[in-house]
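# Report on the structure
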Amino acid sequence: MVLDKKSPLFYYNVTTFLYFCIAGIVSTFYYPFLSQAAGLTLAQVSRVTAFGAGFSLAAQPLLSYLFSRARNKKRFMFAYLMSLFGLCVLFLVIRPGFIYWFAAAYGCFGVPLIGTYEIYIEKIADQKGYPYDKIRKWGSVGMGCLTLAGGTIISLFSFRGLHLLAILLLSACALIIWKKFEDVTESERAEKIRFADIFKNRRVNVLYLMSFLGIGSYVGCDFAFSSYLTGITGNLLLSNQLFSLSTGLKIFSEFLCFIAIGKFFRNYDVKKSFLLVFVFSGLRFLCISTGIIPVVILGDLLHGIVFPLFLTVIFQYLHLLAEDRLVSSCYGIVSMLMFGFSNFIFPPLFSAIQESLGYAMIYRVNVGFALTTIVIGWIFLPSAKRPG
């Protein structure tokens, strides 16, 4: 079906594509930026990452809370985009002596980058009756295109050229959101959310724990992948090309997975689907731990199944288990645990493991986290089916 350019859904798709191009620059290339442009060692990268993650522990829940309280969601998102604009400027001017100040800003605004937009676009989809997975899949295409091209852009124009591109794309997103997005508002009579409300449901707390152990540890070892490839190949240029290729391919596979989920997932068992996320996660790390380049790249492609399935099922589970008014705030906690608290805990842990036992052990430990998460979910999560 060809979308009418006057349709709001057309603009949601285009903006999601552009926004995740920005996410690819700001988040995917953050660790190569720290190690190559800022000249940090792996241990220093882990410390800087953990320092920035400390700020995200407050930032993501606070942003989610402010989003839930904001009557006009479009204005909230526009204000957040302005903060991202400032962050992208910092990428251009940062100096090694100010790296921890930069990490703090990144923790406040860069770490919540994807989670904040996902909360916003899921809110639009839920209120306006649009299929969330059909909008979100364009984010995978955008991130895939950018990361495939990212290595070449860095080679030709350095990281500076990459971050100038982020500013241009961010300006386009802000303009489209302000001019073309539908208003999503909250009623003045909406019941106020207390922080304790977000944790009062024990079954939702199980989702928090699983998201931290299973996906937090998954995200928490991303900082090592670029250096791991350099160690395997012994060639920085080749490792950058492989990193860009692998990241681009796995995110393009996300796009295909979102299409498959939208087309074939009907009346599925939410619990089994959620556990399946961690089965594929464990397989991914098992393949990466081999150190054999084709197997590493093939294993990394399994990310294209893990994240689309996780995002689809976690929102569905939250809608089933939590009150509708709490869904955005609950996902904010999930996002904070995945991208904030995880980067506070796991990079120092994995850096210590790497120094003592090598890179491969990082990924073998993650297989153990995936198995532990499956056991927790099997025992404590309630069974539920998504309506067809």
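Worth saying up front: this structure is predicted, and the values here are computed from it rather than measured.

## Focus: the state of the cysteines
For the structure shown, the criterion picks out 0 disulfides. Take Cys 287: it sits in no disulfide, and the sulfur closest to it among the cysteines is that of Cys 221, at 14 Å.

## Some details on the pattern of salt bridges
Across all of its chains, the model carries 3 salt bridges by this definition. For the salt bridge of Arg 136 with Glu 118, the shortest nitrogen-to-oxygen distance reads 3.1 Å. Of the two residues, Arg 136 is situated in helix H7 (residues 132-180) and Glu 118 in helix H6 (residues 113-128); the sequence distance between them amounts to 18 residues. The two residues Arg 136 and Glu 118 agree in class, both being buried.

## Observations concerning empty space enclosed by the protein
Under the counting rule described, the total for this entry stands at 3 cavities of 30 Å³ or more. If you add up the space inside the largest cavity, you get close to 650 Å³. Contributing to the lining of the largest cavity are 40 residues, with Ser 27, Thr 28, Val 219, Asp 222 and Phe 339 lying nearest its centre. Top element by residues in the lining of the largest cavity is helix H10 (residues 236-264). It accounts for 5 residues. Per-class residue counts for the lining of the largest cavity are 22 nonpolar, 12 polar and 6 charged.

## Side note on the packing of aromatic side chains
Taken as a whole, this structure holds 33 aromatic pairs when the rule is applied. The interplanar angle of 70° and the centroid separation of 5.3 Å between the aromatic rings of Tyr 218 and Phe 285 together place this pair among those described as edge-to-face. A residue pair is termed long-range when its members are at least 10 positions apart, and Tyr 218 in helix H8 (residues 202-220) and Phe 285 in helix H11 (residues 270-288) qualify at 67 residues. Ring geometry for Phe 307 and Phe 310: centres 6.4 Å apart, planes at 50°, overall tilted. In this pair, Phe 307 and Phe 310 both sit in helix H13 (residues 303-321), 3 residues apart, roughly one turn of the helix. As far as burial versus exposure is concerned, Phe 307 and Phe 310 are alike and both buried. Members of the aromatic cluster, each reached through a chain of ring pairs, are Tyr 218, Tyr 228, Phe 274, Phe 278, Phe 285, Phe 307, Phe 310, Tyr 317, Tyr 359 and Tyr 363. Here Lys 73 stacks its cationic end above the ring of Phe 67, 4.6 Å away from the centre of that ring. The ring centre of Trp 378 lies 5.5 Å from the NZ or CZ of Lys 271, which sits over that ring.

## A closer look at the nonpolar core
In this structure, Tyr 19, Phe 181 and Phe 274 are the most contacted members of the largest nonpolar core, which totals 131 residues. Dropping the residues within four chain positions of it, Phe 181 is found in contact with Tyr 11, Tyr 12, Thr 15, Lys 74, Tyr 117, Tyr 120, Ile 121, Ile 124 and Ile 176.

## Brief notes about H8
Along its 19 residues, H8 runs 25 Å from first to last C-alpha, staying within 8% of the 27 Å computed at 1.5 Å per residue. Along H8, the largest kink reaches about 30° and is centred on Phe 212. Counting buried positions over the 19 residues of H8 gives 15, a clear majority of the element. Of the residues that open H8, the one with a side-chain oxygen 2.9 Å from the backbone nitrogen of Arg 203 is Asn 201.

## Here's the deal with a nonpolar patch on the surface
Residues Phe 85, Val 89, Leu 90 and Val 93 make up a contiguous nonpolar surface patch of roughly 280 Å² in combined accessible area. Topologically, Val 93 is positioned in helix H4 (residues 73-93). Residue Val 93 is classed as partly exposed on the basis of its relative accessible area, which comes to 47%.

## Examining the environment of Leu 320
In this fold, Leu 320 is placed in helix H13. Judged by its relative accessible area of 39%, Leu 320 falls in the partly exposed class. Separated by 116 residues in sequence, Leu 320 and Val 204 have C-alpha atoms that sit 9.9 Å apart.

## Here we look at the packing of helix H1 (residues 8-28) against H7
Taken N-terminus to C-terminus, the directions of H1 and H7 make an angle of 145°; their axes are 5 Å apart at the nearest point. Looking at the contact of H1 with H7, its residues break down into 27 nonpolar, 10 polar and 3 charged.

## Some details on the packing of H11 against helix H12 (residues 293-301)
Where H11 contacts H12, the axes come no closer than 7 Å and their chain directions differ by 165°. The pairing of H11 with H12 is recorded here as roughly antiparallel in orientation. Where H11 crosses over H12, the two elements pack in a sense that is left-handed. Along its contact with H11, which presents Arg 284, Cys 287 and Ile 288, the element H12 presents Val 295, Val 296, Gly 299 and Asp 300. Of the residues contributing to the contact of H11 with H12, the split by class is 4 nonpolar, 1 polar and 2 charged.

## Examining the side chain of Lys 74
Its place among the elements puts Lys 74 in helix H4. For Lys 74, the side chain forms a polar contact with the main-chain oxygen of Phe 181, separated by 2.8 Å. Once residues lying within four places of it in the same chain are set aside, the contact partners of Lys 74 are Tyr 120, Ile 177, Trp 178, Phe 181, Glu 182 and Asp 183.

What counts and how
Residue numbers restart at each chain and count upward from 1, following the sequence in its written direction. Residue-level local features of this predicted model are given only where pLDDT is at least 70; pairs of side-chain atoms are given and counted only at 80 or more, and the full residue set underlies all totals for whole chains, interfaces and linings. Derived side-chain values reflect all non-hydrogen atoms in the structure, with water molecules and hydrogen atoms excluded from consideration. Only a pair of cysteine sulfur atoms within 2.5 Å counts as a disulfide in this structure description. We define a salt bridge as a side-chain nitrogen of Lys or Arg found within 4 Å of a carboxyl oxygen belonging to Asp or Glu. Think of it this way: any DSSP run of H or I at least four residues long counts as a helix, any run of E at least two long counts as a strand, and we number them from the N terminus. A simple rule labels every residue: compare its accessible area, found with a 1.4 Å probe on the protein chains alone, to the largest value its type can have, and call it buried under 20%, exposed over 50%, or partly exposed in between. A cavity here means a set of 1 Å grid points, computed over protein atoms only, where a 1.4 Å probe fits but cannot escape. A pocket is an open set with protein on both sides within 12 Å along at least 5 of 7 lines, and lining residues have an atom within 4 Å of a point. Grid points are joined across faces, edges and corners, and a volume is the space filled by probe spheres set on the points. When residues are sorted by character, Ala, Val, Leu, Ile, Met, Phe, Trp, Tyr, Cys and Pro go into the nonpolar class, Asp, Glu, Lys and Arg into the charged class, and all the rest, Gly among them, into the polar class. Each Phe, Tyr or Trp ring, with Trp reduced to its six-membered ring, pairs with another whose centre is within 6.5 Å; inter-plane angles below 30 degrees give stacked pairs, above 60 give edge-to-face pairs, and intermediate values give tilted ones. The rule is short: NZ of Lys or CZ of Arg within 6 Å of the ring centre and within 35 degrees of the ring normal puts a charge over the ring. We call a set of buried residues a nonpolar core when its members are Ala, Val, Leu, Ile, Met, Phe, Trp, Tyr or Cys and they connect through side-chain atoms within 4.5 Å of each other. A contact between two residues is defined here by any heavy atoms of the two lying within 4.5 Å. Expected span, for any helix, means 1.5 Å times one less than how many residues it has. One axis is fitted to the seven residues ending at the residue and one to the seven starting there. The bend at that residue is the angle between these axes. Two N or O atoms form a polar contact when they lie within 3.5 Å of each other; inside protein one atom must be a possible hydrogen donor and the other a possible acceptor, and for residues adjacent in sequence the pair counts only when both atoms belong to side chains. Only residues above 30% relative accessible area that lack a salt bridge enter a patch, with like-charged residues linked at up to 9 Å and the nonpolar side chains Val, Leu, Ile, Met, Phe, Trp and Tyr linked at up to 5 Å. Using the Shrake-Rupley algorithm and a 1.4 Å probe, accessible areas are obtained, with residue cover drawn only from the displayed protein chains. A fitted line through C-alpha atoms serves as each axis, taken over the contacting stretch for helices, and the angle formed by two N-to-C directions is quoted from 0 to 180°. Each angle receives one of four descriptions, namely roughly parallel if under 35 degrees, roughly antiparallel if over 145, roughly perpendicular if within 65 to 115, and oblique otherwise. Handedness of each helix crossing follows the sense of rotation of the near helix against the far helix: counterclockwise by less than a right angle gives left-handed, clockwise gives right-handed.

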